[in-house]
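An overview of the molecular structure
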Amino acid sequence: LADVSHVMGAIKTQSPLPRTFSRGMVQDPSHFDVLVMPNLYGDILSDLCAGLIGGLGVTPSGNIGANGVAIFESVHGTAPDIAGKDLANPTALLLSAVMMLRHMGLHGHAKKIETACFDTIRDEKVLTKDLGGNAKCSEFTADICRRVQDMD
Amino acid sequence: YTILFWGNKVVHKDQFYLSERQVFGRIQTVTLIPGDGIGPEISTAVMKIFEAAKAPIQWEERNVTAIKGPGGRWMIPPEAKESMNKNKIGLKGPLKTPIAAGHPSMNLLLRKTFDLYANVRPCVSIEGYKTPYTDVDLVTIRENTEGEYSGIEHLIVDGVVQSIKLITEDASRRIAEYAFEYARNNQRTSVTAVHKANIMRMSDGLFLRKCREVAENFKDVKFTEMYLDTVCLNMVQDPSHFDVLVMPNLYGDILSDLCAGLIGGLGVTPSGNIGANGVAIFESVHGTAPDIAGKDLANPTALLLSAVMMLRHMGLHGHAKKIETACFDTIRDEKVLTKDLGGNAKCSEFTADICRRVQDMD
(Lines give C-alpha, C1' and ligand atoms only; values in the text may rest on other atoms or scores of the structure.)
Protein backbone atom coordinates (compact mmCIF):
# COMPACT_ATOMS: atom_id res chain seq x y z
CA LEU A 1 0.00 0.00 0.00
CA ALA A 2 2.82 2.38 0.88
CA ASP A 3 4.55 1.68 -2.44
CA VAL A 4 1.41 2.38 -4.45
CA SER A 5 0.63 5.58 -2.61
CA HIS A 6 4.14 6.79 -3.27
CA VAL A 7 3.58 6.28 -6.98
CA MET A 8 0.16 7.91 -6.93
CA GLY A 9 1.64 10.91 -5.20
CA ALA A 10 -1.10 13.26 -4.23
CA ILE A 11 -3.49 10.80 -2.63
CA LYS A 12 -3.31 10.79 1.11
CA THR A 13 -3.07 7.43 2.85
CA GLN A 14 -3.43 6.37 6.42
CA SER A 15 -3.34 2.98 8.07
CA PRO A 16 -5.19 2.84 11.37
CA LEU A 17 -6.27 -0.41 12.97
CA PRO A 18 -9.63 -2.00 12.15
CA ARG A 19 -10.85 -1.50 15.70
CA THR A 20 -10.04 2.20 15.51
CA PHE A 21 -12.13 2.39 12.37
CA SER A 22 -15.06 0.57 13.93
CA ARG A 23 -15.05 2.86 16.92
CA GLY A 24 -14.56 5.99 14.84
CA MET A 25 -17.13 4.86 12.34
CA VAL A 26 -19.99 4.76 14.83
CA GLN A 27 -18.99 8.00 16.50
CA ASP A 28 -18.49 10.06 13.35
CA PRO A 29 -18.48 8.30 9.98
CA SER A 30 -18.12 11.61 8.15
CA HIS A 31 -14.38 11.44 8.77
CA PHE A 32 -13.98 8.52 6.43
CA ASP A 33 -13.54 8.49 2.68
CA VAL A 34 -12.29 5.51 0.69
CA LEU A 35 -11.26 2.52 2.78
CA VAL A 36 -9.25 -0.38 1.37
CA MET A 37 -8.59 -3.50 3.36
CA PRO A 38 -8.02 -7.26 3.31
CA ASN A 39 -10.85 -9.77 3.08
CA LEU A 40 -12.07 -10.34 6.63
CA TYR A 41 -11.92 -6.69 7.65
CA GLY A 42 -13.81 -5.84 4.49
CA ASP A 43 -16.48 -8.42 5.26
CA ILE A 44 -17.03 -6.78 8.63
CA LEU A 45 -16.65 -3.12 7.70
CA SER A 46 -18.71 -3.30 4.52
CA ASP A 47 -21.68 -4.64 6.48
CA LEU A 48 -21.09 -2.19 9.33
CA CYS A 49 -21.15 0.71 6.90
CA ALA A 50 -24.24 -0.64 5.15
CA GLY A 51 -25.86 -0.59 8.59
CA LEU A 52 -24.96 3.07 9.04
CA ILE A 53 -26.94 4.10 5.97
CA GLY A 54 -29.90 1.86 6.62
CA GLY A 55 -29.00 -1.70 5.84
CA LEU A 56 -28.64 -4.07 2.94
CA GLY A 57 -31.95 -2.99 1.40
CA VAL A 58 -30.46 0.30 0.28
CA THR A 59 -26.81 -0.50 -0.23
CA PRO A 60 -25.25 -0.94 -3.68
CA SER A 61 -22.34 -3.26 -4.35
CA GLY A 62 -19.92 -4.02 -7.13
CA ASN A 63 -17.43 -6.82 -7.69
CA ILE A 64 -14.46 -6.13 -9.92
CA GLY A 65 -12.74 -9.02 -11.65
CA ALA A 66 -9.76 -9.66 -13.82
CA ASN A 67 -10.07 -9.25 -17.60
CA GLY A 68 -12.38 -6.29 -17.28
CA VAL A 69 -15.23 -8.29 -15.75
CA ALA A 70 -17.39 -6.45 -13.25
CA ILE A 71 -20.58 -7.72 -11.59
CA PHE A 72 -22.81 -5.30 -9.71
CA GLU A 73 -25.29 -6.73 -7.23
CA SER A 74 -27.76 -6.13 -4.46
CA VAL A 75 -26.47 -7.85 -1.32
CA HIS A 76 -29.71 -8.45 0.51
CA GLY A 77 -31.49 -11.80 0.62
CA THR A 78 -34.17 -13.30 -1.61
CA ALA A 79 -36.99 -12.43 0.82
CA PRO A 80 -39.13 -15.48 -0.09
CA ASP A 81 -41.94 -14.32 2.17
CA ILE A 82 -42.72 -11.32 -0.03
CA ALA A 83 -41.61 -12.71 -3.39
CA GLY A 84 -44.11 -12.26 -6.18
CA LYS A 85 -46.34 -9.95 -4.11
CA ASP A 86 -45.19 -6.62 -5.58
CA LEU A 87 -43.89 -5.55 -2.15
CA ALA A 88 -40.14 -5.53 -2.68
CA ASN A 89 -37.86 -2.51 -2.53
CA PRO A 90 -35.68 -2.27 -5.67
CA THR A 91 -33.40 0.46 -4.30
CA ALA A 92 -30.34 -1.68 -3.62
CA LEU A 93 -30.37 -3.25 -7.07
CA LEU A 94 -31.13 0.11 -8.67
CA LEU A 95 -28.23 1.84 -6.92
CA SER A 96 -25.98 -1.05 -7.93
CA ALA A 97 -27.11 -0.52 -11.50
CA VAL A 98 -26.28 3.18 -11.13
CA MET A 99 -22.83 2.14 -9.93
CA MET A 100 -22.61 -0.01 -13.04
CA LEU A 101 -23.48 2.94 -15.29
CA ARG A 102 -20.73 5.00 -13.70
CA HIS A 103 -18.29 2.14 -14.15
CA MET A 104 -19.22 2.15 -17.84
CA GLY A 105 -18.66 5.91 -18.05
CA LEU A 106 -22.36 6.68 -18.45
CA HIS A 107 -22.32 9.39 -15.79
CA GLY A 108 -25.21 11.40 -17.14
CA HIS A 109 -27.66 8.53 -17.01
CA ALA A 110 -26.29 7.41 -13.68
CA LYS A 111 -26.89 10.86 -12.19
CA LYS A 112 -30.38 11.10 -13.61
CA ILE A 113 -31.53 7.74 -12.26
CA GLU A 114 -29.84 8.18 -8.91
CA THR A 115 -31.36 11.62 -8.42
CA ALA A 116 -34.82 10.34 -9.31
CA CYS A 117 -34.44 7.48 -6.83
CA PHE A 118 -33.22 9.71 -4.00
CA ASP A 119 -35.94 12.29 -4.74
CA THR A 120 -38.65 9.64 -4.47
CA ILE A 121 -37.28 8.48 -1.14
CA ARG A 122 -36.76 12.01 0.17
CA ASP A 123 -40.31 12.96 -0.79
CA GLU A 124 -41.59 10.16 1.47
CA LYS A 125 -44.92 9.90 -0.40
CA VAL A 126 -44.38 6.66 -2.28
CA LEU A 127 -42.27 4.33 -0.14
CA THR A 128 -42.14 0.56 0.08
CA LYS A 129 -42.87 -1.02 3.45
CA ASP A 130 -39.24 -1.47 4.51
CA LEU A 131 -38.68 2.24 3.92
CA GLY A 132 -41.60 3.06 6.17
CA GLY A 133 -44.39 3.46 3.63
CA ASN A 134 -47.07 1.22 2.15
CA ALA A 135 -46.55 1.58 -1.57
CA LYS A 136 -46.16 -1.34 -3.92
CA CYS A 137 -42.89 -2.03 -5.68
CA SER A 138 -44.54 -1.07 -8.97
CA GLU A 139 -45.78 2.24 -7.52
CA PHE A 140 -42.34 3.08 -6.15
CA THR A 141 -40.84 2.18 -9.52
CA ALA A 142 -43.42 4.24 -11.43
CA ASP A 143 -42.65 7.26 -9.27
CA ILE A 144 -38.98 7.04 -10.11
CA CYS A 145 -39.78 6.54 -13.81
CA ARG A 146 -41.98 9.64 -13.79
CA ARG A 147 -39.25 11.74 -12.22
CA VAL A 148 -36.68 10.43 -14.67
CA GLN A 149 -38.90 11.30 -17.63
CA ASP A 150 -39.67 14.74 -16.18
CA MET A 151 -35.97 15.48 -16.18
CA ASP A 152 -35.76 15.42 -19.98
CA TYR B 1 -5.88 -13.89 60.12
CA THR B 2 -8.59 -11.49 59.21
CA ILE B 3 -8.97 -8.14 60.94
CA LEU B 4 -12.48 -6.82 60.73
CA PHE B 5 -13.55 -3.21 61.05
CA TRP B 6 -16.95 -2.32 62.40
CA GLY B 7 -17.27 1.42 62.65
CA ASN B 8 -14.03 2.51 64.33
CA LYS B 9 -13.44 -0.64 66.30
CA VAL B 10 -11.14 -3.48 65.44
CA VAL B 11 -12.94 -6.73 66.07
CA HIS B 12 -11.60 -10.25 65.78
CA LYS B 13 -13.45 -12.29 63.21
CA ASP B 14 -14.70 -14.84 65.71
CA GLN B 15 -16.54 -12.09 67.55
CA PHE B 16 -18.14 -10.74 64.42
CA TYR B 17 -21.15 -12.33 62.78
CA LEU B 18 -20.86 -12.08 59.05
CA SER B 19 -24.20 -12.24 57.33
CA GLU B 20 -24.45 -12.30 53.56
CA ARG B 21 -24.87 -8.57 53.52
CA GLN B 22 -21.93 -7.86 55.74
CA VAL B 23 -19.14 -8.72 53.33
CA PHE B 24 -17.90 -5.19 53.77
CA GLY B 25 -16.49 -6.12 57.13
CA ARG B 26 -13.19 -7.14 55.57
CA ILE B 27 -10.82 -4.65 53.92
CA GLN B 28 -9.40 -6.06 50.74
CA THR B 29 -6.11 -5.00 49.24
CA VAL B 30 -6.10 -4.27 45.54
CA THR B 31 -3.05 -3.71 43.37
CA LEU B 32 -3.19 -0.28 41.79
CA ILE B 33 -1.20 0.44 38.65
CA PRO B 34 -1.68 4.16 38.00
CA GLY B 35 0.05 4.03 34.63
CA ASP B 36 1.44 6.85 32.55
CA GLY B 37 0.27 10.25 31.33
CA ILE B 38 -3.10 11.00 32.91
CA GLY B 39 -2.92 7.66 34.74
CA PRO B 40 -1.78 9.02 38.12
CA GLU B 41 -4.39 11.78 38.27
CA ILE B 42 -7.34 9.60 37.30
CA SER B 43 -6.13 6.97 39.79
CA THR B 44 -6.11 9.64 42.47
CA ALA B 45 -9.64 10.57 41.48
CA VAL B 46 -10.79 6.97 41.86
CA MET B 47 -9.10 6.62 45.24
CA LYS B 48 -10.80 9.81 46.47
CA ILE B 49 -14.21 8.59 45.34
CA PHE B 50 -13.68 5.18 46.93
CA GLU B 51 -12.72 6.87 50.16
CA ALA B 52 -15.82 9.05 50.05
CA ALA B 53 -17.87 5.92 49.48
CA LYS B 54 -16.10 4.15 52.36
CA ALA B 55 -15.37 1.23 50.08
CA PRO B 56 -13.47 -1.48 52.01
CA ILE B 57 -10.52 -1.31 49.65
CA GLN B 58 -6.94 -0.49 50.38
CA TRP B 59 -4.61 0.21 47.50
CA GLU B 60 -1.14 -1.21 46.93
CA GLU B 61 0.52 0.87 44.23
CA ARG B 62 2.86 -0.82 41.81
CA ASN B 63 4.70 0.12 38.67
CA VAL B 64 4.72 -2.27 35.72
CA THR B 65 7.36 -0.68 33.53
CA ALA B 66 9.02 -3.63 31.88
CA ILE B 67 12.51 -4.61 32.93
CA LYS B 68 14.94 -7.05 31.43
CA GLY B 69 15.11 -10.25 33.43
CA PRO B 70 18.13 -12.50 33.97
CA GLY B 71 17.76 -14.30 30.64
CA GLY B 72 17.50 -11.00 28.76
CA ARG B 73 13.74 -11.41 28.41
CA TRP B 74 11.42 -8.52 29.14
CA MET B 75 9.25 -9.00 32.19
CA ILE B 76 7.14 -6.97 34.58
CA PRO B 77 8.93 -6.06 37.86
CA PRO B 78 8.83 -8.90 40.43
CA GLU B 79 7.21 -6.60 43.05
CA ALA B 80 4.29 -5.98 40.69
CA LYS B 81 3.93 -9.67 39.92
CA GLU B 82 4.03 -10.65 43.60
CA SER B 83 1.50 -8.00 44.48
CA MET B 84 -0.95 -9.17 41.80
CA ASN B 85 -0.55 -12.82 42.69
CA LYS B 86 -1.14 -12.03 46.34
CA ASN B 87 -4.04 -9.63 45.94
CA LYS B 88 -5.54 -11.26 42.84
CA ILE B 89 -7.43 -8.07 41.96
CA GLY B 90 -5.88 -5.12 40.16
CA LEU B 91 -6.90 -1.74 38.79
CA LYS B 92 -4.82 -0.28 36.01
CA GLY B 93 -4.57 3.04 34.24
CA PRO B 94 -3.23 3.57 30.70
CA LEU B 95 0.29 2.44 29.91
CA LYS B 96 2.62 3.74 27.25
CA THR B 97 4.83 1.30 25.48
CA PRO B 98 8.35 2.70 25.12
CA ILE B 99 9.69 2.70 21.60
CA ALA B 100 12.75 0.70 22.52
CA ALA B 101 14.04 -1.92 20.16
CA GLY B 102 12.37 -5.25 20.86
CA HIS B 103 10.32 -3.85 23.71
CA PRO B 104 7.06 -5.77 23.91
CA SER B 105 3.65 -4.18 24.38
CA MET B 106 3.02 -3.69 28.10
CA ASN B 107 -0.51 -5.02 27.78
CA LEU B 108 0.78 -8.13 26.04
CA LEU B 109 3.28 -8.67 28.84
CA LEU B 110 0.59 -8.40 31.49
CA ARG B 111 -1.67 -10.69 29.53
CA LYS B 112 0.98 -13.39 29.26
CA THR B 113 2.17 -13.00 32.86
CA PHE B 114 -1.29 -13.53 34.34
CA ASP B 115 -2.92 -15.55 31.55
CA LEU B 116 -5.61 -12.93 31.12
CA TYR B 117 -7.85 -14.95 28.90
CA ALA B 118 -11.07 -12.94 28.93
CA ASN B 119 -11.52 -9.29 28.08
CA VAL B 120 -14.89 -8.10 29.30
CA ARG B 121 -16.45 -4.79 28.39
CA PRO B 122 -19.92 -3.85 29.56
CA CYS B 123 -21.26 -1.09 27.31
CA VAL B 124 -24.17 0.85 28.72
CA SER B 125 -25.55 4.09 27.29
CA ILE B 126 -24.77 6.98 29.59
CA GLU B 127 -27.57 9.43 30.18
CA GLY B 128 -26.22 12.93 29.78
CA TYR B 129 -23.58 11.90 27.29
CA LYS B 130 -25.44 11.78 24.04
CA THR B 131 -24.59 9.46 21.22
CA PRO B 132 -26.80 8.40 18.29
CA TYR B 133 -27.48 5.22 20.24
CA THR B 134 -29.56 5.47 23.39
CA ASP B 135 -30.45 1.95 24.49
CA VAL B 136 -27.15 0.19 24.60
CA ASP B 137 -26.79 -2.40 27.33
CA LEU B 138 -24.55 -5.18 26.21
CA VAL B 139 -21.33 -6.92 27.21
CA THR B 140 -18.57 -8.07 24.88
CA ILE B 141 -16.51 -11.01 26.09
CA ARG B 142 -13.42 -11.54 24.02
CA GLU B 143 -11.10 -14.52 24.08
CA ASN B 144 -7.76 -12.85 24.54
CA THR B 145 -5.05 -15.51 24.29
CA GLU B 146 -5.20 -17.07 20.83
CA GLY B 147 -7.15 -16.85 17.61
CA GLU B 148 -5.91 -14.54 14.92
CA TYR B 149 -3.43 -12.92 17.27
CA SER B 150 -1.38 -16.00 17.99
CA GLY B 151 1.53 -14.32 16.26
CA ILE B 152 2.22 -17.29 14.03
CA GLU B 153 3.15 -15.93 10.64
CA HIS B 154 5.57 -17.08 8.00
CA LEU B 155 6.78 -16.28 4.54
CA ILE B 156 5.90 -18.92 2.00
CA VAL B 157 7.73 -17.32 -0.89
CA ASP B 158 8.51 -13.67 -1.58
CA GLY B 159 5.23 -11.81 -1.75
CA VAL B 160 3.20 -14.58 -0.14
CA VAL B 161 2.69 -14.59 3.60
CA GLN B 162 0.65 -16.94 5.73
CA SER B 163 -0.87 -16.16 9.12
CA ILE B 164 -2.14 -18.92 11.37
CA LYS B 165 -5.36 -18.49 13.33
CA LEU B 166 -5.09 -20.84 16.27
CA ILE B 167 -8.26 -22.06 17.96
CA THR B 168 -8.05 -24.61 20.74
CA GLU B 169 -10.71 -26.61 22.52
CA ASP B 170 -9.43 -25.54 25.93
CA ALA B 171 -9.38 -21.81 25.26
CA SER B 172 -12.76 -21.92 23.55
CA ARG B 173 -14.35 -23.87 26.39
CA ARG B 174 -12.79 -21.60 28.98
CA ILE B 175 -14.11 -18.40 27.41
CA ALA B 176 -17.53 -19.90 26.81
CA GLU B 177 -17.73 -20.99 30.43
CA TYR B 178 -16.72 -17.54 31.58
CA ALA B 179 -19.36 -15.93 29.36
CA PHE B 180 -22.16 -18.11 30.69
CA GLU B 181 -21.05 -17.72 34.31
CA TYR B 182 -20.91 -13.97 33.79
CA ALA B 183 -24.39 -13.97 32.30
CA ARG B 184 -25.75 -15.98 35.20
CA ASN B 185 -23.98 -13.93 37.88
CA ASN B 186 -25.06 -10.65 36.37
CA GLN B 187 -28.65 -11.55 35.60
CA ARG B 188 -28.20 -11.33 31.85
CA THR B 189 -30.71 -13.03 29.60
CA SER B 190 -28.69 -14.40 26.73
CA VAL B 191 -25.25 -15.23 25.40
CA THR B 192 -24.59 -14.91 21.67
CA ALA B 193 -21.58 -16.58 20.07
CA VAL B 194 -20.19 -14.37 17.31
CA HIS B 195 -18.41 -16.29 14.57
CA LYS B 196 -17.77 -16.95 10.90
CA ALA B 197 -17.99 -20.74 11.02
CA ASN B 198 -19.59 -20.73 7.57
CA ILE B 199 -16.23 -19.62 6.16
CA MET B 200 -13.75 -20.74 8.80
CA ARG B 201 -15.31 -24.12 9.32
CA MET B 202 -12.65 -25.75 11.42
CA SER B 203 -11.45 -22.89 13.59
CA ASP B 204 -14.66 -20.97 14.21
CA GLY B 205 -16.45 -24.30 13.97
CA LEU B 206 -14.52 -25.59 16.96
CA PHE B 207 -15.16 -22.39 18.87
CA LEU B 208 -18.85 -22.61 18.15
CA ARG B 209 -19.06 -26.27 19.13
CA LYS B 210 -17.52 -25.55 22.51
CA CYS B 211 -19.97 -22.70 23.07
CA ARG B 212 -22.86 -25.03 22.26
CA GLU B 213 -21.54 -27.68 24.66
CA VAL B 214 -21.14 -25.21 27.49
CA ALA B 215 -24.61 -23.80 26.78
CA GLU B 216 -26.02 -27.21 27.67
CA ASN B 217 -24.90 -26.67 31.25
CA PHE B 218 -26.52 -23.26 31.47
CA LYS B 219 -30.10 -23.86 30.45
CA ASP B 220 -31.17 -20.78 32.41
CA VAL B 221 -29.30 -18.60 29.92
CA LYS B 222 -30.51 -18.34 26.33
CA PHE B 223 -27.87 -19.22 23.72
CA THR B 224 -27.83 -17.87 20.19
CA GLU B 225 -25.30 -17.76 17.36
CA MET B 226 -24.75 -14.98 14.86
CA TYR B 227 -22.36 -14.28 12.02
CA LEU B 228 -19.96 -11.47 12.75
CA ASP B 229 -20.95 -9.40 9.72
CA THR B 230 -24.62 -9.71 10.62
CA VAL B 231 -23.81 -8.59 14.17
CA CYS B 232 -22.07 -5.49 12.83
CA LEU B 233 -24.87 -4.74 10.39
CA ASN B 234 -27.47 -4.98 13.15
CA MET B 235 -25.35 -3.41 15.88
CA VAL B 236 -25.16 -0.05 14.14
CA GLN B 237 -28.85 -0.07 13.35
CA ASP B 238 -30.21 -1.23 16.70
CA PRO B 239 -27.79 -2.24 19.46
CA SER B 240 -30.62 -2.73 21.96
CA HIS B 241 -31.09 -6.26 20.63
CA PHE B 242 -27.80 -7.43 22.02
CA ASP B 243 -26.94 -8.81 25.44
CA VAL B 244 -23.80 -10.82 26.19
CA LEU B 245 -21.60 -11.52 23.18
CA VAL B 246 -18.77 -14.05 23.27
CA MET B 247 -16.22 -14.38 20.49
CA PRO B 248 -12.66 -15.20 19.49
CA ASN B 249 -9.85 -12.69 19.67
CA LEU B 250 -9.97 -10.60 16.49
CA TYR B 251 -13.74 -10.28 16.37
CA GLY B 252 -13.61 -9.27 20.01
CA ASP B 253 -10.95 -6.69 19.35
CA ILE B 254 -13.13 -5.05 16.72
CA LEU B 255 -16.53 -5.47 18.35
CA SER B 256 -15.42 -4.29 21.78
CA ASP B 257 -14.18 -1.03 20.32
CA LEU B 258 -17.23 -0.71 18.09
CA CYS B 259 -19.47 -1.03 21.13
CA ALA B 260 -17.34 1.43 23.09
CA GLY B 261 -17.97 3.83 20.22
CA LEU B 262 -21.71 3.35 20.53
CA ILE B 263 -21.74 4.63 24.10
CA GLY B 264 -19.28 7.46 23.60
CA GLY B 265 -15.79 6.08 23.24
CA LEU B 266 -12.92 4.82 25.29
CA GLY B 267 -13.10 7.72 27.71
CA VAL B 268 -16.27 6.31 29.27
CA THR B 269 -15.92 2.57 28.74
CA PRO B 270 -14.91 0.17 31.53
CA SER B 271 -12.93 -2.98 30.90
CA GLY B 272 -11.95 -6.06 32.86
CA ASN B 273 -9.41 -8.79 32.14
CA ILE B 274 -9.98 -12.13 33.76
CA GLY B 275 -7.03 -14.42 34.28
CA ALA B 276 -6.32 -17.87 35.50
CA ASN B 277 -5.88 -18.48 39.24
CA GLY B 278 -8.50 -15.92 40.21
CA VAL B 279 -6.52 -12.93 38.94
CA ALA B 280 -8.56 -10.08 37.47
CA ILE B 281 -7.25 -6.74 36.27
CA PHE B 282 -9.69 -3.93 35.58
CA GLU B 283 -8.52 -1.07 33.44
CA SER B 284 -9.37 2.01 31.48
CA VAL B 285 -8.63 1.34 27.83
CA HIS B 286 -8.05 4.87 26.61
CA GLY B 287 -4.60 6.28 26.01
CA THR B 288 -2.24 8.14 28.28
CA ALA B 289 -3.24 11.55 26.77
CA PRO B 290 0.19 13.13 27.29
CA ASP B 291 -1.05 16.48 25.99
CA ILE B 292 -3.28 16.99 29.01
CA ALA B 293 -1.33 14.99 31.59
CA GLY B 294 -0.79 16.78 34.86
CA LYS B 295 -3.16 19.62 33.97
CA ASP B 296 -6.16 18.45 36.00
CA LEU B 297 -8.18 18.11 32.80
CA ALA B 298 -8.57 14.35 32.51
CA ASN B 299 -11.88 12.47 32.69
CA PRO B 300 -11.64 9.65 35.25
CA THR B 301 -14.95 8.02 34.19
CA ALA B 302 -13.48 5.04 32.34
CA LEU B 303 -11.17 4.13 35.20
CA LEU B 304 -13.92 4.75 37.74
CA LEU B 305 -16.42 2.53 35.92
CA SER B 306 -13.72 -0.13 35.61
CA ALA B 307 -13.25 0.15 39.39
CA VAL B 308 -17.02 -0.26 39.80
CA MET B 309 -16.81 -3.40 37.64
CA MET B 310 -14.05 -4.52 39.97
CA LEU B 311 -16.25 -3.99 43.05
CA ARG B 312 -18.99 -6.11 41.48
CA HIS B 313 -16.47 -8.82 40.66
CA MET B 314 -15.51 -8.79 44.34
CA GLY B 315 -19.13 -9.08 45.44
CA LEU B 316 -19.30 -5.51 46.76
CA HIS B 317 -22.50 -4.68 44.93
CA GLY B 318 -23.70 -2.03 47.37
CA HIS B 319 -20.61 0.11 47.01
CA ALA B 320 -20.51 -0.51 43.26
CA LYS B 321 -24.07 0.73 42.86
CA LYS B 322 -23.47 3.78 45.05
CA ILE B 323 -20.39 4.93 43.16
CA GLU B 324 -21.82 4.12 39.73
CA THR B 325 -25.03 6.02 40.50
CA ALA B 326 -23.09 9.05 41.74
CA CYS B 327 -20.97 9.04 38.58
CA PHE B 328 -23.97 8.73 36.26
CA ASP B 329 -25.86 11.41 38.21
CA THR B 330 -22.98 13.84 37.84
CA ILE B 331 -22.87 13.23 34.11
CA ARG B 332 -26.65 13.36 33.71
CA ASP B 333 -26.80 16.64 35.58
CA GLU B 334 -24.45 18.15 32.98
CA LYS B 335 -23.28 20.88 35.36
CA VAL B 336 -19.79 19.62 36.19
CA LEU B 337 -18.37 17.88 33.13
CA THR B 338 -14.80 17.50 31.92
CA LYS B 339 -13.96 18.88 28.48
CA ASP B 340 -14.30 15.60 26.60
CA LEU B 341 -17.83 15.25 27.97
CA GLY B 342 -18.72 18.69 26.71
CA GLY B 343 -18.12 20.78 29.81
CA ASN B 344 -15.23 22.79 31.17
CA ALA B 345 -14.76 21.43 34.65
CA LYS B 346 -11.46 20.25 36.00
CA CYS B 347 -10.86 16.62 36.80
CA SER B 348 -10.77 17.51 40.51
CA GLU B 349 -14.11 19.34 40.29
CA PHE B 350 -15.75 16.41 38.49
CA THR B 351 -14.30 14.09 41.12
CA ALA B 352 -15.46 16.32 43.97
CA ASP B 353 -18.97 16.36 42.57
CA ILE B 354 -19.10 12.58 42.54
CA CYS B 355 -17.63 12.42 46.05
CA ARG B 356 -20.28 14.82 47.31
CA ARG B 357 -23.08 12.73 45.80
CA VAL B 358 -21.63 9.56 47.22
CA GLN B 359 -21.44 11.07 50.69
CA ASP B 360 -24.98 12.44 50.39
CA MET B 361 -26.22 8.92 49.80
CA ASP B 362 -25.31 7.82 53.30
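Rules behind the numbers
- Residues numbered from 1 in each chain as written.
- Chains lettered and ligands numbered in written order.
- Predicted model: local features only at pLDDT ≥ 70, side-chain atom pairs only at ≥ 80, totals over all residues.
- Heavy atoms only, no water.
- Domains from an automatic or database assignment.
- Contact = heavy atoms within 4.5 Å.
- Buried area = accessible area lost by both parts, 1.4 Å probe.
- Salt bridge = Lys/Arg side-chain N within 4 Å of Asp/Glu carboxyl O.
- Polar contact = N/O pair within 3.5 Å; in protein donor to acceptor, adjacent residues only side chain to side chain.
- Nonpolar A, V, L, I, M, F, W, Y, C, P; charged D, E, K, R; others polar.
- Helix = DSSP H or I, 4+ residues; strand = E, 2+ residues; numbered from the N terminus.
- Axes fitted to C-alpha atoms, helices over the stretch in contact; angles between N-to-C directions.
- Parallel < 35°, antiparallel > 145°, perpendicular 65-115°, else oblique.

Let's shift gears to the domain arrangement of chain A. Residues and elements named next belong to chain A. Domain boundaries in chain A define domain 1 (1-53) and domain 2 (55-152). Contacts between the two partners involve four residues from domain 1 and, on the opposite side, four residues from domain 2. Carbon and sulfur atoms supply 64% of the area buried between domain 1 and domain 2, which totals about 290 Å² over both sides. Sorting the residues of domain 1 by area buried against domain 2 places Asp47, Ala50 and Ile53 first, and these three jointly supply 93% of that buried surface. One can count zero salt bridges joining domain 1 with domain 2. Joining domain 1 to domain 2, the criterion identifies one residue pair in polar contact (both at pLDDT 80 or more). Residue composition of the side of domain 1 that touches domain 2, grouped by class: two nonpolar, one polar and one charged.

The next subject is the pattern of salt bridges. Going through the model one piece at a time under the given rule, you end up with 39 salt bridges over all chains. Measuring nitrogen to oxygen at the nearest pair gives 3.6 Å for the salt bridge that ties Lys125 of chain A to Asp123 of chain A. Among the salt bridges present, the one from Arg142 of chain B reaches Asp253 of chain B, with a minimum N-O distance of 3.6 Å. Note that Arg142 of chain B is positioned in strand S9 (residues 137-143) and Asp253 of chain B in helix H7 (residues 249-263), a separation of 111 residues in sequence.

What follows is about the packing of helix H6 (residues 228-235) of chain B against H7 of chain B. All names here are of chain B. It is at 12 Å that the axes of H6 and H7 come closest, and there the two elements cross at 5°. With respect to H7, the element H6 is oriented roughly parallel. Together, Leu228, Val231, Cys232 and Met235 of H6 and Tyr251, Leu255, Leu258, Cys259 and Leu262 of H7 make up the contact between the two elements. Residues belonging to the contact of H6 with H7 are distributed by class as follows: nine nonpolar, no polar and no charged.

Across the contact, 21 residues belong to chain B and 19 residues belong to chain A. Around 1,700 Å² of area is buried between chain B and chain A when both sides are counted, 69% of it from carbon and sulfur atoms. On inspection of chain B and its partner chain A, the count reaches one salt bridge. Taking the shortest distance from any N to any O, the salt bridge between Lys196 of chain B and Asp43 of chain A comes out at 2.6 Å. Elements with a contribution of two residues or more to the side of chain B that touches chain A: H6 and H7 of chain B. Among the elements that take part in the side of chain B that touches chain A, H7 of chain B stands out by supplying eight residues, more than any other. Taken together, the residues of the side of chain B that touches chain A sort by class into 12 nonpolar, five polar and four charged.

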